[in-house]
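Reading the structure
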Amino acid sequence: MVKRILIMVIIAAVVFVVLIFLLPTEKGRFKRDIKAFQKAVEHENTSEALRYISAVYRDGNGMDYPAFTRIIHNLAAEFDSMNVSISGLKVFIDSTDNQGTIFASCSLGLRLFARYQGERTLLFGGIVKPAPVRAWFKKTTDQYQVYDATY
C-alpha cells in the first residue's frame, strides 16, 4: 500500500514538473511571435510581416506605419534574400490593462543582411556589434504587434 502511494506521488510530481516546463508561458508566446516576425521578413512575406506591425506604429525617429509598410515592400522588391540576425533577446511582460490587453517589450541586438546581385550587404546593425533595439508591443487577439521602437 505504501509503495503504491509513493509511486502515485512520484508520478504526480513528474507530471506536474513536465506540465510546468511544457505549457507555453506568455513570455514564450511573445518570443514565438518575434521569431515568426523574423521568419516572415526573411521569407519576404510582406503581408505576414506587416501583421506584426500595429497600424498606430510611431517611433521617435518619425517612422510610422505607412513608412514601415513602404520599407518592407521595397526590401522585398529590391533584394534577392534577407537574413535577420537577433542576439541577446530579452523579453518583458510589462503590464495588463483592465480590458485584459497585454503590453510587452523586448531588447535585442539586431542585424539585417540582404543579397543584392549576388553580394551580401549589411542593411542595418553594426559589423562588429549588432545595433541595440528596444521595441514595445501590444497583444492583439492572437499575436503581439510592435507599436513603438528605439533604434
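Every value quoted in this text rests on a predicted model; they were computed, and no experiment measured them.

For the structure shown, the criterion picks out seven aromatic pairs. On the numbers, 5.8 Å between centres and 35 degrees between planes, the contact of Phe37 with Tyr52 is tilted. One end of the pair, Phe37, is in helix H2 (residues 26-42); the other, Tyr52, is in the loop between helix H3 (46-50) and helix H4 (65-78), and 15 residues separate them in sequence. Neither Phe37 nor Tyr52 differs from the other in exposure class; each is buried. Taking the centre distance of 5.2 Å and the plane angle of 75 degrees together, the rings of Tyr57 and Phe68 count as edge-to-face. Placement of Tyr57 in the loop between H3 and H4 and of Phe68 in helix H4 is noted, with a sequence separation of 11 residues between them.

Below, the discussion takes up the nonpolar core. Of all hydrophobic cores here, the largest spans 31 residues; its most connected members are Phe30, Cys106 and Phe137. Mapped by element, the contributors of at least two residues to this core are H2, H3, H4, strand S1 (81-96), strand S2 (102-116), strand S4 (131-139) and strand S5 (144-150). If you tally residues by element for this core, the top one is S2, at seven residues. Ignoring sequence-local partners within four residues, the contact set of Phe30 consists of Val91, Phe92, Ala104, Ser105, Cys106, Phe137 and Tyr144.

What counts as what
Residues numbered from 1 in each chain as written. Predicted model: local features only at pLDDT ≥ 70, side-chain atom pairs only at ≥ 80, totals over all residues. Heavy atoms only, no water. Phe/Tyr/Trp six-rings, centres within 6.5 Å; stacked < 30°, edge-to-face > 60°. Helix = DSSP H or I, 4+ residues; strand = E, 2+ residues; numbered from the N terminus. Buried < 20%, exposed > 50% of the residue type's maximum accessible area, 1.4 Å probe, protein only. Core = buried A, V, L, I, M, F, W, Y, C linked by side-chain atoms within 4.5 Å. Contact = heavy atoms within 4.5 Å.

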